[in-house]
Amino acid sequence: AGMHPLVPYLLGHKHPEGTRLTDVQKCVRTGDIDEVGDDSHLTFFEMLGHWSLGDYFKEDAIRWSFEFLTSADCLGIPVEKLAVSVFAGDETAPRDEESARIWEECGIPRDKIFFLPRKNNWWGPAGLTGPCGPDTEMFIDTGKPKCGPYCRPGCHCGKYVEIWNDVFMQYNKNEEGKFVPLGRHNVDTGMGVERTICMMSGAPTVYDTEIFAPIMQAIDDLAHVPAGMDPAEVLKARRVIADHMRTATFILCDPKGGVKPGNVGANYVLRRLIRRAVRFARMIGIAPGFTLKLAEVVCRKYKHVYPELEANLATCKLDLEAEEARFNRTLDKGEARYNKVVGALKEHGQTRISGKLAFELYDTFGFPFEMTCEMAAKDGLTVDKAGFDEANRKHQELSRTTSAGSFKAGLQDNSAVVTRMHTATPKS
């Protein structure tokens, strides 16, 4: 997903379709996977985008964005519900006063234009080098009260929900780490379908839209929630299962993906998604075999748009069945080991699971650290997270040292990237 395939054209090569493009992309992003379960974060979403390859730039992109958001012929969002952010500037690139001026001329009040730092309003490059630049992001003010005096777009309280951004690729980061002006200016935009539908329909969360209705209903039909379980935990579990199973189904059915559950790279991302869904399913009393049923629901919902879902559903279900069964066996072994550890601790009057033991459960038995913490809390115990992190760090250092010799010449940098991306992975 994203601009990776377009890098040559952003740098100046001619695109066969011209200089103005639009697209819809299936996107998977797991950088904020721990946020899934709140009102708006998803690991899979459909991204609407339009691109300028050396054609229009800030003036047109922002004015067209404003028109599409507010015009009665388009989304018709009241101007007073909009807020925008722009790049605040730093030592490498100036403050984006031009974008702020254009927004103000469009009708966005100055007090609804926020200058935010690089972490909020800068995109790219996709790798260590390449096209990049400041962006301007568009938010819906949900009307919720401010969480504090510094509440603003980019805050995670839920008052402001981002639905669109315009990236102005006017720099190229070179191998020396310097940002030099590109020979041409480009625009890359992105609007998430799910969040936009949520805002347009007035739904309180993305999980309350028609997109998720069938899968949420299926989860409710399968669940047997334990008595006394915290409703907030049940809600998060339902949302995580819905999101992760939708994502896993799309990955497994992608005709060009070739991604299967595993311990490396994209395969590990998929494995983590499936296993998190299994873990949360066990919490709310969903019996084994649920992954196949939810994949069928996802397929029915989307097959008219993405026929590859139906075409590849049988293979997808085989992969899900195998991974779900494998992880349930792993969890059973891990729970047995956990109970043995806890029994021994209680016999000696101890109330804390050491980081070393928690890491053993994770690394040797594939038992998720979060599950150790959750079960420990119910048993009146605490877990040494700092000790777990230290054991994990040592394991990563050992993995990095061991793998370094496996990479030659140009692959050495990639080995470092892979090592940074992945913590210790379960052995089973």
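The structure we're discussing is the one just above.
Only a predicted model underlies this, so the values are computations on that prediction, with no experimental measurement involved.

A description of the overall build of the protein chain should follow, citing residues and the corresponding values.
A count of helices and strands for the protein chain gives 15 helices and 10 strands. Computed over C-alpha atoms, the radius of gyration of the protein chain comes to 24 Å, within 12% of the 22 Å expected from 2.2 N^0.38 for 428 residues, which places it in the range of a compact globule. When the 428 residues of the protein chain are sorted by exposure, 47% land in the buried category. Pairs at least 24 residues apart make up 70% of the contacts formed inside the protein chain by residues separated by at least 6 positions.

For the packing of helix α11 (residues 313-347) against helix α12 (residues 355-363), give the residues involved together with the corresponding values.
Two numbers describe how α11 lies on α12: the axes approach to 10 Å, and their chain directions differ by 165°. Classed by the angle they form, the pair α11 and α12 counts as roughly antiparallel. Pair α11 / α12 crosses with right-handed handedness. Contacts from G334, R337, Y338 and V341 in α11 reach L357, E360 and L361 in α12. Along the lines of polarity and charge, the residues of the contact of α11 with α12 split into four nonpolar, one polar and two charged.

Describe unusual backbone geometry, naming the residues involved and giving the relevant values.
Here G124 and P125 are connected by a cis peptide whose omega angle stands at 0°. By secondary structure assignment, the location of P125 is in the loop between β5 (122-123) and β6 (130-141).

An account of the pairing of strand β4 (residues 113-116) is requested, with residue identities and associated values reported.
Neither face of β4 is open: one carries I113 and F115, the other F114 and L116, and all of them are buried. Judged from the four bridges that link them, strand β3 (residues 82-87) and β4 form a sheet pairing that is parallel. Each bridged residue has a counterpart across the sheet, and for V86 the counterpart in β4 is F115. Handedness of the β-α-β unit built from β3, helix α3 (residues 97-106) and β4 comes out right-handed.

Give a description of the pattern of salt bridges that names residues and reports values.
This model, assessed by the stated rule, comprises 33 salt bridges. For the salt bridge of E323 with R275, the shortest nitrogen-to-oxygen distance reads 2.8 Å. Highlighted residues: E323 in helix α11 and R275 in helix α8 (residues 265-283), separated in sequence by 48 residues. Residue classification places R275 among the buried positions, given a relative accessible area of 5%.

Mind laying out the packing of α11 against helix α13 (residues 369-378), listing which residues take part and the relevant values?
Interhelical geometry of α11 versus α13 gives an angle of 45° and a closest axis separation of 12 Å. As far as their axial angle goes, α13 and α11 are oblique. Seen along the crossing, α11 lies across α13 with a hand that is right-handed. Here α11 contributes L331, E335 and Y338 to the contact with α13, which in turn contributes M371, T372, M375 and A376.

So what's going on with the nonpolar core? Which residues, and what values?
One finds I215 and I241 to be the most contacted residues of the largest nonpolar core, which totals 98 residues. The greatest single-element share of this core, amounting to 11 residues, is contributed by helix α7 (residues 231-253). Not counting residues within four places of it along the chain, the set of residues in contact with I215 comprises A242, M245, R246, L294, V297 and V298. L10, L21, L53 and V167 belong to the second-largest nonpolar core, a separate cluster that totals nine residues.

Account for the packing of aromatic side chains, naming residues and giving values.
On inspection of all chains with the given rule, the structure shows 17 aromatic pairs. Taken together, a centroid distance of 4.2 Å and an interplanar angle of 15° make the contact between F44 and F250 stacked. Note that F44 is positioned in strand β2 (residues 44-53) and F250 in helix α7, a separation of 206 residues in sequence. Since its relative accessible area comes to 4%, F250 is described here as buried. Ring geometry for Y362 versus F388: centroids 5.8 Å apart, planes at 70°, classification edge-to-face. Note that Y362 is positioned in helix α12 and F388 in helix α14 (residues 385-404), a separation of 26 residues in sequence.

Reading guide: rules and limits
- Residues numbered from 1 in each chain as written.
- Predicted model: local features only at pLDDT ≥ 70, side-chain atom pairs only at ≥ 80, totals over all residues.
- Heavy atoms only, no water.
- Helix = DSSP H or I, 4+ residues; strand = E, 2+ residues; numbered from the N terminus.
- Rg over C-alpha atoms; globule rule 2.2 N^0.38 Å.
- Buried < 20%, exposed > 50% of the residue type's maximum accessible area, 1.4 Å probe, protein only.
- Contact = heavy atoms within 4.5 Å.
- Axes fitted to C-alpha atoms, helices over the stretch in contact; angles between N-to-C directions.
- Parallel < 35°, antiparallel > 145°, perpendicular 65-115°, else oblique.
- Left-handed = near helix turned anticlockwise from the far one by under 90°.
- Nonpolar A, V, L, I, M, F, W, Y, C, P; charged D, E, K, R; others polar.
- Pairing = 2+ DSSP bridges.
- Right-handed = clockwise from strand over helix to strand, strands pointing away.
- Salt bridge = Lys/Arg side-chain N within 4 Å of Asp/Glu carboxyl O.
- Core = buried A, V, L, I, M, F, W, Y, C linked by side-chain atoms within 4.5 Å.
- Phe/Tyr/Trp six-rings, centres within 6.5 Å; stacked < 30°, edge-to-face > 60°.

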